[in-house]
Amino acid sequence: MSTIRQRLDLLRAKIPAHVTLIAVSKTKSVSLIREAYDAGQRDFGENYVQELIEKQPQLPSDIRWHFIGHLQSNKVKFIAPFVSCIHAVDSHSLLKEIDKQASKENRSIPCLLQIHIAREVSKFGISPADVSAFVQALPQAGYPNAPITGVMGMATFTVDEAIIREEFESLSRIFSNLKETTFAGSPEFSQISMGMSSDWPLAVECGSTMIRVGSSIFGER
Ligand SMILES: *Cc1c(COP(=O)(O)O)cnc(C)c1O
């Protein structure tokens, strides 16, 4: 059995320097997270608000917490004081609430637009066909305390690499289109969050800048 440190070292040796490794710690204990922290890991991903707000005060304050799950507007206030990035924004109302709560905290919370690139039916994520209407309907000045810094997506759960590649490439294309149009004047629009334990090498090949890896670091959930 390898240790968390060994698994992190192995991953870091393979990941290009421009890609951020987010250690997905959902359902994992504070002591396991601490082990990863002691091995130098600083970016962690969580999916559930309740779990995150229980763990966060027990861990070092220089951890960058990424909220990667579906977020309900009424729960934004609980994580707004400390969260580093919110990855799964798919509605104007959520963006507006993040902006409001971040501004109360005198903070700016970077947000990624979740795009639904997979074949599975899901009620979450903006469908590729709706992305352009979504960004065109943003307020002229944007949401100053909730800047959109990129896109996020999840590929279909399949062993067929061709399907996964096609989906990652489509997210990459959506990112490039937005970067050339709506976000042409926004250098902070720079992130593509895609790739998990099973498919991150493919995601990096397709342009990912943030990979979200859980089981390869902490073991199966
Ligand atoms: C759980 C989760 C991950 C990590 O999945 P692994 O297969 O354990 O690496 C990544 N992204 C999201 C959105 C998740 O919910």
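One can find the structure itself at the top, above this paragraph.
Residues numbered from 1 in each chain as written. Predicted model: local features only at pLDDT ≥ 70, side-chain atom pairs only at ≥ 80, totals over all residues. Heavy atoms only, no water.

1. Notes on helix α5 (residues 92-104)
In plain terms, the rule: Helix and strand definitions here come from DSSP, where helices need a minimum of 4 consecutive H or I residues and strands a minimum of 2 consecutive E residues; each element is numbered from the N-terminal end. Expected span, for any helix, means 1.5 Å times one less than how many residues it has. Exposed residues in this analysis have more than 50% of their type's maximum accessible area, buried residues have under 20%, and partly exposed residues fall in between, with area computed by a 1.4 Å probe over protein chains only. Here, two residues are considered to be in contact whenever any of their heavy atoms come within 4.5 Å of each other.
For α5, built from 13 residues, the straight-helix expectation of 18 Å at 1.5 Å per residue is met to within 8% by its first-to-last C-alpha distance of 18 Å. Within the sequence span of α5, burial applies to Leu94, Leu95, Glu97, Ile98, Asp99, Gln101 and Ala102. Tucked into the core, α5 has its buried residues touching α4 (76-79), β4 (85-89), β5 (111-114) and β6 (148-152). The first or second residue beyond α5 is Asn106, which carries a positive phi of 55 degrees.

2. Here we look at the site of the ligand
Where we set the bar: Working definition: residue near molecule or strand if any one of its non-hydrogen atoms lies within 4 Å of it. Definition of a polar contact: a pair of N or O atoms within 3.5 Å, with one able to donate and the other able to accept a hydrogen when the atoms are protein atoms, and with sequence-neighbouring residues admitted only if both atoms are side-chain atoms. Accessible surface is estimated by sampling points in the Shrake-Rupley manner with a 1.4 Å probe; for residues, cover comes only from the protein chains shown. Three classes are used, and their members are as follows: Ala, Val, Leu, Ile, Met, Phe, Trp, Tyr, Cys and Pro are nonpolar, Asp, Glu, Lys and Arg are charged, and the others, Gly among them, are polar.
Taken together, 13 residues lie around the ligand, and Lys26, Asn47, Ser197, Gly214 and Arg221 are the ones closest in. At a separation of 2.9 Å, a nitrogen atom of the ligand approaches a polar side-chain atom of Arg212. The contact in question runs from an oxygen atom of the ligand to an N or O atom on the side chain of Arg221, over 2.8 Å. When the free accessible area of the ligand is taken as 380 Å², the share hidden by the protein chains comes to 90%. Tallied by class, residues from the shell around the ligand come to six nonpolar, four polar and three charged.

3. Some points on the side chain of Thr149
Tracing the chain through its elements places Thr149 in strand β6. Dropping the residues within four chain positions of it, Thr149 is found in contact with Pro110, Cys111, Leu112, Glu188, Phe189, Ser190 and Gln191.

4. Brief notes about the nonpolar core
Note the threshold: In this text, buried Ala, Val, Leu, Ile, Met, Phe, Trp, Tyr and Cys residues form a nonpolar core when linked through side-chain atoms within 4.5 Å.
Judged by nonpolar contacts, the single largest core of 64 residues is most densely connected at Ile79, Ile86, Ile98, Ile115, Phe168 and Ile217. At six residues, helix α7 (residues 161-180) tops the list of elements feeding residues into this core. Contacts of Ile79, omitting those with residues within four sequence positions, involve Val49, Leu52, Ile53, Phe67, Leu71 and Ile86.

5. A closer look at the packing of aromatic side chains
Quick reminder of the rule: Side-chain rings of Phe, Tyr and Trp (the six-membered ring for Trp) are treated as a pair once their centres are within 6.5 Å; stacked means planes under 30 degrees apart, edge-to-face means over 60, and tilted covers the remaining angles.
Within the structure shown, the criterion is met by three aromatic pairs. Ring geometry for Phe44 against Trp65: centres 5.9 Å apart, planes inclined by 45 degrees, an arrangement best described as tilted. Highlighted residues: Phe44 in strand β2 (residues 43-46) and Trp65 in strand β3 (residues 64-67), separated in sequence by 21 residues. A single burial state applies to Phe44 and to Trp65, both of which are buried. Relative to Phe189, the ring of Phe183 has its centre 4.2 Å away and its plane inclined at 0 degrees; by these criteria the two rings are stacked.

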